[in-house]
Amino acid sequence: MPSPVDTTRRLSPALATVFLVAVAATPYPGAYWIVAALATTVVAQVASVPGQLWISRSVVLTLSWFGLTVLWSVAPSLTVRNGVLLALVTVAVALVPRALGAAGALAALATACKVLLVASWASYLLVPSLGRTQDTYQYGTLEGVFVQRNVAAFFCVIAAITFLATAAGGARRARGRDAAWAGVAVVTLLATSSGTGLAVLLASAGVTGTLVAASRARTVRGRRLLVGAAILPAVALALWLPFNLGLVSELFRRDSTLTGRSVIWAAVERVVAESPWLGQGGGALWVGGVDVTDALWAQAGFAFYHAHSAYLDHLAQQGVIGLALVLGVVLLGLRRSVRALIARGDVLAMWPAGVLVCLLFYGIDEQSFASQFGWLLVVLAVSLVPPSGSESQARSAPQGPVQVQTPEVGRPGRTVMEDRDGGR
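Remember, it's a predicted structure, so these values are computed and weren't measured experimentally.

**Student:** In this structure, what is going on with the environment of Ala199? I would like to understand it.
**Tutor:** Inspection of the secondary structure puts Ala199 in helix α9 (residues 195-216). Sequence separation between Ala199 and Phe361 is 162 residues, and the spatial gap between their C-alpha atoms is 9.3 Å.

Right, here's the structure in full:
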């Protein structure tokens, strides 16, 4: 019978990293089949590990609603195709932290971020036609290996938060290195000339910095006060702004049309009004040849490939019900990470909180959690911090008679892996 250590190492960290790189860099030619193959391989490696197949019910419910929308989708084949890939990615990413542990999963994500940052700068410096924006607007800015500079900027913000989290939760000798990588991510973001990315990074950095301070607080009350001061105002603002878009241009210092976004929003809002509760079908829009998409492009006068708002994107495709389910998953992840941070001073729990707040802000005028990479981050955040209490114990029971030495609860600055491994 394999030892507990063997069962938690069945997934190769290198495979996890390649899988994360493949999803983060989408879209690119052949992305669908590459991501599907890697996700299937991840699932196959972990499937035989006892106790590793649990996935949050809220995530399963959200996926189920996506699949159900095929019944009224304006493009059923697209809904099926995208739903299959979404399910594969969801299962695969949910298994990564359960196979590698929280610290191992974040290490794999950090390595993926390093790979993409290096590749982006290499393409920017060595292959300008690939790594730099070729459009008249913002000509010459960094795109790297991403399809568009705003996609690159989104990745850079996530990378910066990830490196800050690993620096705060890692060994002393590694903190400087992770902080330096965070600086590389910020410099790369500046090279994209993305005003949205910079604004969201500043907001997210403020939240993440407060969460780091909370993890260092010596009392539960102190941690609760700091976490509440960081999370509650940020989440309230992030959920209020998408439905008050007139203020967005002032906050992000853009022109009155937000570089064409307001034209897109006006067109998408009309589609949302046609089927507000159910939407047009998950993954059914933004492809030429679909009648609704063609009408949207004709109304705007140009082609666009997402709603430039994650909130509107979900409303258009999956309706109010679909958006509510997705936001429910986000809030679940926030609840879990906040509880872990308050109860144990869990340093790594700040990554889910910081990233989820970032996704809520970024979703105001970018794809964010409506993208494949954004959804991966949501599922990873929910899976990174397991449920607490009896519910968690019941779900972990099938793993067998493994006894874990748990350190004293309430000690600040502990990580998930230190809690699991007795501080080794």
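**Student:** Would you mind going over the pattern of salt bridges with me for this structure?
**Tutor:** Close approach of charged atoms allows side chains of opposite charge to pair. All chains considered together, the criterion is met by three salt bridges. Between Asp365 and Arg261 there is a salt bridge; the shortest N-O distance is 3.5 Å. Taken together, the residues Asp365 in the loop between α15 (350-362) and α16 (372-384) and Arg261 in helix α12 (residues 261-274) connect sequence positions 104 residues apart. Of the two residues, Asp365 and Arg261, both sit in the buried class. One salt bridge in this structure joins Arg344 and Asp346, with 3.2 Å as the shortest N-O distance. Using a relative accessible area of 0% as the deciding quantity, one classes Asp346 as buried.

**Student:** What's the story with the side chain of His314 in this structure? I'm lost.
**Tutor:** Residue placement: His314 occurs in helix α14 (residues 310-344). Sequence-distant contacts of His314, that is, excluding residues within four places in its chain, are made with Gly319, Leu323, Val326, Phe369 and Ala370.

**Student:** Teacher, can you tell me more about the environment of Gly131 here?
**Tutor:** Mapped onto the fold, Gly131 is located in helix α6 (residues 128-131). In this structure Gly131 comes out as buried when scored by relative accessible area, which is 0%. Taking the C-alpha atoms as reference points, Gly131 and Gln148, separated by 17 residues in sequence, lie 9.5 Å from one another. Other than its neighbours up to four places away in sequence, Gly131 contacts Ser123, Tyr124, Thr141, Leu142, Glu143 and Gly144.

**Student:** Teacher, can you tell me more about the side chain of Thr196 here?
**Tutor:** Mapped onto the elements, Thr196 comes out in helix α9. A polar contact of 3.0 Å, which involves the side chain of Thr196, links it to the side chain of Asp365.

**Student:** I'm lost on the packing of aromatic side chains in this one. Help?
**Tutor:** Given two aromatic rings, one states the distance between the centres and the angle between the planes to describe the pair. This structure, assessed with the given rule, holds twelve aromatic pairs. A ring pair is formed by Phe154 and Phe373, whose centres lie 6.0 Å apart and whose planes are at 75 degrees; its orientation type is edge-to-face. Within this pair, whereas Phe154 is found in helix α7 (residues 149-169), its partner Phe373 is found in helix α16, the two being separated by 219 residues in sequence. Each member of the pair, Phe154 as well as Phe373, is classed as buried. Every member of this aromatic cluster is reached through a ring pair, and the members are Phe154, Tyr362 and Phe373. Its guanidinium or amino end placed over the ring of Tyr32, Arg81 lies 3.9 Å from that ring's centre, counting from NZ or CZ.

**Student:** Quick question: what am I supposed to make of a nonpolar patch on the surface here?
**Tutor:** Side chains of Leu125, Leu126, Val127 and Leu130 sit close together on the surface and give an oily, nonpolar patch of about 410 Å² of accessible area. Within the secondary structure, Leu130 is located in helix α6.

What counts and what doesn't
Residues numbered from 1 in each chain as written. Predicted model: local features only at pLDDT ≥ 70, side-chain atom pairs only at ≥ 80, totals over all residues. Heavy atoms only, no water. Helix = DSSP H or I, 4+ residues; strand = E, 2+ residues; numbered from the N terminus. Salt bridge = Lys/Arg side-chain N within 4 Å of Asp/Glu carboxyl O. Buried < 20%, exposed > 50% of the residue type's maximum accessible area, 1.4 Å probe, protein only. Contact = heavy atoms within 4.5 Å. Polar contact = N/O pair within 3.5 Å; in protein donor to acceptor, adjacent residues only side chain to side chain. Phe/Tyr/Trp six-rings, centres within 6.5 Å; stacked < 30°, edge-to-face > 60°. Lys NZ or Arg CZ within 6 Å of the ring centre and 35° of its normal. Patch = residues over 30% accessible without salt bridge, like charges linked within 9 Å, V, L, I, M, F, W, Y side chains within 5 Å. Areas by Shrake-Rupley, 256 points an atom, 1.4 Å probe, with all protein chains shown as cover.

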